[in-house]
Amino acid sequence: MYEQLNKHTAVKKLFGTAIIVIMGLWLVAPYAGKKSLDPVASVQQVNIVEPTQPLQDRLSLPEGKSPLPLLPDFTYAAKVATPAVVYIKASQNRKILKREAITPLEQFFKQFFGEGLLIPREYEQQPQVSTGSGVIYTSNGYIITNNHVVEGADHIEVTLHDNRCYKAKLVGADPATDLALLKIEASNLSTLLLGSSDKLEVGEWVLAVGNPFNLHSTVTKGIVSAKSRCLDDSGKLGIQSFIQTDAAINQGNSGGALVNLYGELVGINTAIYINRSLSFIGYGFAIPSSLVKKVADDFIQYGAVQRVLLGVVIDDMNAERATKLGLKATTGVYIHTVQDHSPCTKLLQKEDVIIQINSRPIHKCADLQEVIGCAKPGDQLTVILYRKGKEKRVNLLLEKAPDVIQVVLKNNILKVEGAIFQNIDEKTKAKYKLTGGVLVQEVTKGKFKAAGLKKGCIVLAFDKQPVKGVVGFAEIIRSTRAEALLIQVLDPNTGEVSYLAVEWAK
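The residue numbers shown here count from 1 along each chain, following its written sequence. Where totals are concerned, whole chains, interfaces and linings use all residues; where local detail is concerned, this predicted model gives features only for residues with pLDDT of at least 70, and gives and counts side-chain atom pairs only at 80 or more. The side-chain numbers reported here are obtained from all heavy atoms of the structure, hydrogens and water having been left aside.

The next point concerns the overall build of the chain. Within the chain, the regular secondary structure consists of 12 helices and 28 strands. Residue burial is assigned from relative accessible area. The probe radius is 1.4 Å, only protein chains are included, and a residue is buried under 20% of its type maximum, exposed over 50%, and partly exposed in between. Per-residue burial for the chain yields a buried fraction of 42% across its 506 residues. Working rule for contacts: check all heavy atoms of both residues, and any pair within 4.5 Å makes them a contact. Counting only contacts in the chain whose residues sit at least 6 apart along the sequence, the fraction spanning at least 24 positions is 61%. Here the open area of atoms and residues is found with the Shrake-Rupley method and a 1.4 Å probe, where only the protein chains shown may cover a residue. By element, 54% of the accessible surface of the chain is carried by carbon and sulfur atoms, the whole surface being about 27700 Å². Counting from the N terminus, the helices are DSSP H or I runs at least four residues long and the strands are E runs at least two residues long.

A word on unusual backbone geometry. Positive phi, normally seen in glycine, also occurs at Ser 359, with a value near 70°. Overall, Ser 359 belongs to the exposed group, its relative accessible area being 63%. Despite not being glycine, Lys 464 shows a phi value in the positive range, around 70°. With respect to the element layout, Lys 464 can be found in the loop between strand S25 (458–462) and strand S26 (465–466).

What follows is about the confidence of the model for the chain. The predicted coordinates should not be examined in detail at positions where pLDDT is low. Confidence scores per residue from the predictor, reported as pLDDT, run from 0 to 100. Here the chain averages 80 in pLDDT, and 76% of its residues register 70 or above. Scored below 50 in pLDDT, residues 1–54 shows 12 contacts in the model against residues more than four places distant or in partner chains. Contacts for the low-pLDDT stretch residues 115–121, under 50 throughout, to residues beyond four places or in other chains number 15 contacts.

Here we take up the environment of Gly 311. With respect to the helices and strands, the residue Gly 311 is situated in the loop between strand S13 (308–309) and strand S14 (312–316). Considering only alpha carbons, one finds Gly 311 and Pro 343, 32 residues apart in sequence, at a separation of 7.1 Å. What Gly 311 contacts, discounting residues up to four positions off in sequence, is Thr 337, Val 338, Gln 339 and Ser 342.

Moving on: the pattern of salt bridges. Any two side chains of opposite charge can pair if their charged atoms end up close together. Every case where a carboxyl oxygen of Asp or Glu lies within 4 Å of a side-chain nitrogen of Lys or Arg is listed as a salt bridge. Applying the stated criterion to the full structure yields 12 salt bridges. Across the pair Asp 298 and Lys 294 runs a salt bridge, and its minimum N-O distance is 2.7 Å. Of the two residues, Asp 298 and Lys 294 are both situated in helix H7 (residues 289–302); the distance of 4 residues between them amounts to about one turn of the helix. Residue classification places Asp 298 among the buried residues on the basis of a relative accessible area of 4%.

Our next topic: the environment of Val 489. Note that Val 489 resides in strand S27 (residues 484–491). Separated by 52 residues in sequence, Val 489 and Gly 437 place their C-alpha atoms 9.0 Å apart.

Our focus in this paragraph is a nonpolar patch on the surface. Among the surface-exposed residues, Tyr 273, Ile 281 and Tyr 283 lie close enough to one another that they form a single nonpolar patch of about 300 Å² accessible area. Counting through the fold element by element, Ile 281 comes out in strand S12 (residues 280–288). Only residues above 30% relative accessible area that lack a salt bridge enter a patch, with like-charged residues linked at up to 9 Å and the nonpolar side chains Val, Leu, Ile, Met, Phe, Trp and Tyr linked at up to 5 Å.

This paragraph deals with the side chain of Thr 245. Along the chain, Thr 245 turns up in strand S9 (residues 242–245). Thr 245 gets classed as buried once you look at its relative accessible area, which sits at 0%. Reaching out from Thr 245, the side chain makes a polar contact with the backbone nitrogen of Ala 247 at a distance of 3.0 Å. Discounting residues that sit within four places of it in the chain, Thr 245 has contacts with Val 206, Gly 222, Ile 223, Ser 225, Leu 258, Gly 282, Tyr 283 and Gly 284. Whenever a nitrogen or oxygen atom comes within 3.5 Å of another N or O atom, the pair is scored as a polar contact, on the condition that within protein one atom can donate a hydrogen and the other can accept it, and that pairs from neighbouring residues in sequence are kept only if both atoms are in side chains.

Here we take up the pairing of S25. Within S25, 5 of the 5 residues are buried, which leaves the element mostly enclosed by the surrounding structure. Think of it this way: DSSP has to see at least two bridges between two strands before they count as a pair. Here strand S24 (residues 438–443) pairs with S25 via 2 bridges, running antiparallel. What sits directly across from Val 438, in S25, is Val 459. Bridge analysis of S25 against S27 gives 4 bridges, and the strand direction is antiparallel. Within the sheet, the bridge partner assigned to Val 459 lies in S27 and is Val 489. Alignment of S25 against S26, held across 2 bridges, turns out to be antiparallel.

Before going further, it helps to examine the nonpolar core. Generally speaking, nonpolar side chains in soluble globular proteins are found buried as a group. Formed by 49 residues in total, the largest nonpolar core has its most connected members in Leu 414, Phe 421, Phe 448, Phe 462 and Phe 473. In terms of residue count, helix H12 (residues 470–479) provides more of this core than any other element does, 6 residues in total. When neighbours within four sequence positions are excluded, Phe 462 is seen to be in contact with Phe 448, Val 467, Phe 473, Ile 476, Ile 477, Thr 480, Leu 485, Leu 486, Ile 487 and Trp 504. To qualify as a nonpolar core, a set must consist of buried Ala, Val, Leu, Ile, Met, Phe, Trp, Tyr and Cys residues joined through side-chain atoms within 4.5 Å. Residues Ala 77, Ala 81, Val 135 and Leu 265 belong to the second largest nonpolar core, which totals 31 residues.

Glancing now at the pairing of strand S5 (residues 165–174). With 7 of its 10 residues buried, S5 lies for the most part within the structure. As paired strands, strand S4 (residues 155–159) and S5 are joined by 4 bridges and run antiparallel to one another. Residue Val 158 lies in a different strand from S5, and its bridge partner there is Tyr 166. By the bridge criterion, 5 bridges tie S5 to strand S6 (residues 179–183) in an arrangement that is antiparallel. Residue pairing for S6: Ala 173 is matched across the bridge by Ala 180. Taking the residues between adjacent antiparallel strands as the criterion, S5 and S6 are bridged by 4 residues, where Asp 178 takes a positive phi near 60°.

Tracing the backbone shows Ser 91 in strand S1 (residues 85–97). Judged by relative accessible area, which is 17%, Ser 91 ranks as buried. Every residue in contact with Ser 91, bar those within four places of it in the chain, is listed here: Gln 128, Val 129, Ala 153, Asp 154 and His 155.

Here it is in structure tokens:
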């Protein structure tokens, strides 16, 4: 029995020694040949794992690209995005008076007709130049940018990442979203995959790519700070649902790309909060890619943005309204009024509170604006709302908003209010000693016909502003807010210049 115990004890000791040796080898093996432990290397090694399943499902992984490490790596997104972001130089030739003083007679005419319409003046050309960024939307040369980058420009020049330069044409501009679409004659251009701004999450990493302060191809990083941000209640921008980011955005970044870590376009950088030095202070804003796609595709397909009509006056929900309506929910969109011309007069009511559209939560007016801004005529929306304290489901069929003043510019042909305009040739300019103007190609029913404009005439000025060509004319028309105005017209048959009064109330 003693021998058995000794044998048993010896086995236990041998087994324990073996375990200690094995554990020692297991602990020492990773550091064999190293003089000391490298904690940084070990942390990096541990953290190189695939993203969580929801992120992997939500973002399309480019072919041949390995999953991103948990520690953010911005090199891939920067490498993909920079070739697709361009530098834009927009110039506008403005006539500046050489002398300030005016005679009493000139003052008299100024009061009645506006400065410069009748009295010959001595002017000098003074070009005004603005610069910004753009994103190549299609490989055959369509480029998306901000409207304020190219607004009123006579000449637009685009420089690619590889320094190739092209003259660009303005396909269309939409002040309501501050977006514009350009076209250059090029092919096989680098483009970006279009990411989903709807699925973008607060806290997600993003890169801003553009040309701040004329520093070409600059990349900055940050996170999504907020979504559906409204910046201005003045009504200057009709649709506001911005992505807010702390990625550094400065002057010159306007029109550039906001991309996620996979290099997918999720927004167009457009605005910043600034201090006295006019520099970035941590608040940048981008137009979501869902709205960018809608506007760009409409310009390419129709030459103008196709908008839908909801016909309601809305406001953000708050605690006071919730108490008044007997609701627990303090978010949503409160309907002040359903307008008489609304196609939804029988489906929506005053004091309805919209909380969801097509499974998307609606927390505030910016959410609703984005949904309606991205919608097309004929789309059907399933709306969840509160009415008199009860939840209700409503199906809306969206109709096209009535044309107020539709401006369509395509292939240097301008169509607006029943009239068609084209640029005049150099021979005609020389014959009548003109520096600008547009030829009236056709006039049908509309404001121009009612004013007496005739086919074959040349429009020289519109609302006191000289008309250089169809691109500039389109921009003048879009920016005009006058209820009535004068157009200066040359009749080529007689050589006479006359003025026509136009009722232009929008």
